[in-house]
Amino acid sequence: MLGTKLGISDKQYNIVTDGLVVNYVPGFLNSYPGSGTTVTNINGAGPNGTLGGGTAYTGPSGNAGGKFTFDGTDDEITAADDAALDVTAVTLQCWAYLLSGDTGANWTIIGRPGGASSRYKIRASSSDSVILMQIYDSTYRQGPSLNISSDNLQDNWNFLSFSYDYNASDGQRFKVYLNGVLDSQSTTGGGTIATDTVGLEFMTSTADSSFKAGYLGPCMIYDRELTAGEILQNYNATKDRYV
């Protein structure tokens, strides 16, 4: 079992652990005990996170999972640089509830800071109309996107999963899954992901001084492309807490 549950029925949290670098789980006592600013990375190889700007926490209630709350003004989670974050391929996953009505652009849901040179992140577009994945190999690369409006990404929970693998066996280097289902893919890419000396940021963009209002549930980073079956496994393992 990956964590001690707080206020949730005792059922197996059966997520994929092979290649797990970051695993922040609000609602698990050994990831976040309900107070303080440290978010412990459980069963991952990478760094712990730090709540900033007064980021709030709501514990589980009944079958509902815990969540971090971001006000869109200065709330964020950050993490220091760690060698485990230097990956050549990546899958980024999180349960996200994005609130409508606030302004901003280029905010990062999960990933490494750095603007156009960020090595990998899920972020909003400059027009705040789509969510996309970007990576940096020797230059900026952008994968397929989800439309914030038509894909119903605001004011409800969604499980986002974006991956990049230059050496993907099927040639589809970028893949986007929404709620466990493949949405789009692309052959875009020029090489493996470059290394860097920066950490992580969540619901903010340091480069753009931009923040996003909403909530985050579990957030995971893997050092490889997860298969469709593994992505569905993670969705099914966590969905009862958010939908």
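Up top you'll find the structure we're talking about.
Residues numbered from 1 in each chain as written. Predicted model: local features only at pLDDT ≥ 70, side-chain atom pairs only at ≥ 80, totals over all residues. Heavy atoms only, no water.

Participant: Just give me the short version of the side chain of Ser184, but keep the residues and values in it.
Facilitator: Note on placement: Ser184 falls in strand β14 (residues 181-186). Among the polar contacts listed, one links the side chain of Ser184 to the side chain of Asp183, at a separation of 3.3 Å. If we ignore the near neighbours within four places in the chain, the residues touching Ser184 are Pro144, Ser145, Phe174, Lys175 and Val176. (Helix = DSSP H or I, 4+ residues; strand = E, 2+ residues; numbered from the N terminus. Polar contact = N/O pair within 3.5 Å; in protein donor to acceptor, adjacent residues only side chain to side chain. Contact = heavy atoms within 4.5 Å.)

Participant: How would you explain the environment of Leu132 if you had to name every residue and give the values?
Facilitator: Residue placement: Leu132 occurs in strand β10 (residues 130-136). C-alpha separation for the pair Leu132 and Asn30, spaced 102 residues apart in sequence, amounts to 31 Å. For Leu132, the residues in contact, after removing those within four places along its chain, are Lys121, Ile122, Arg123, Ser125, Tyr140, Gln142, Gly143, Pro144, Ser145 and Phe162.

Participant: Tell me what's going on with the packing of aromatic side chains, and back it up with residues and numbers.
Facilitator: In the structure shown here, the tally under the stated rule is 13 aromatic pairs. Arranged with centres 6.3 Å apart and planes meeting at 35°, the rings of Trp157 and Tyr215 form a pair that is tilted. Highlighted residues: Trp157 in strand β12 (residues 157-164) and Tyr215 in strand β18 (residues 213-222), separated in sequence by 58 residues. Across the pair, Tyr215 and Trp157 agree in class, each one buried. A ring pair is formed by Tyr164 and Phe174, whose centres lie 4.8 Å apart and whose planes are at 55°; its orientation type is tilted. One end of the pair, Tyr164, is in strand β12; the other, Phe174, is in strand β13 (residues 174-178), and ten residues separate them in sequence. The buried category is assigned to Tyr164, whose relative accessible area is 0%. Through a chain of ring-to-ring contacts, three or more aromatic side chains come together here, namely Trp95, Tyr97, Trp157, Phe159, Tyr215, Tyr235 and Tyr242. The residue whose ring lies beneath Lys67 is Tyr215, and the NZ or CZ to ring-centre distance is 4.1 Å. (Phe/Tyr/Trp six-rings, centres within 6.5 Å; stacked < 30°, edge-to-face > 60°. Buried < 20%, exposed > 50% of the residue type's maximum accessible area, 1.4 Å probe, protein only. Lys NZ or Arg CZ within 6 Å of the ring centre and 35° of its normal.)

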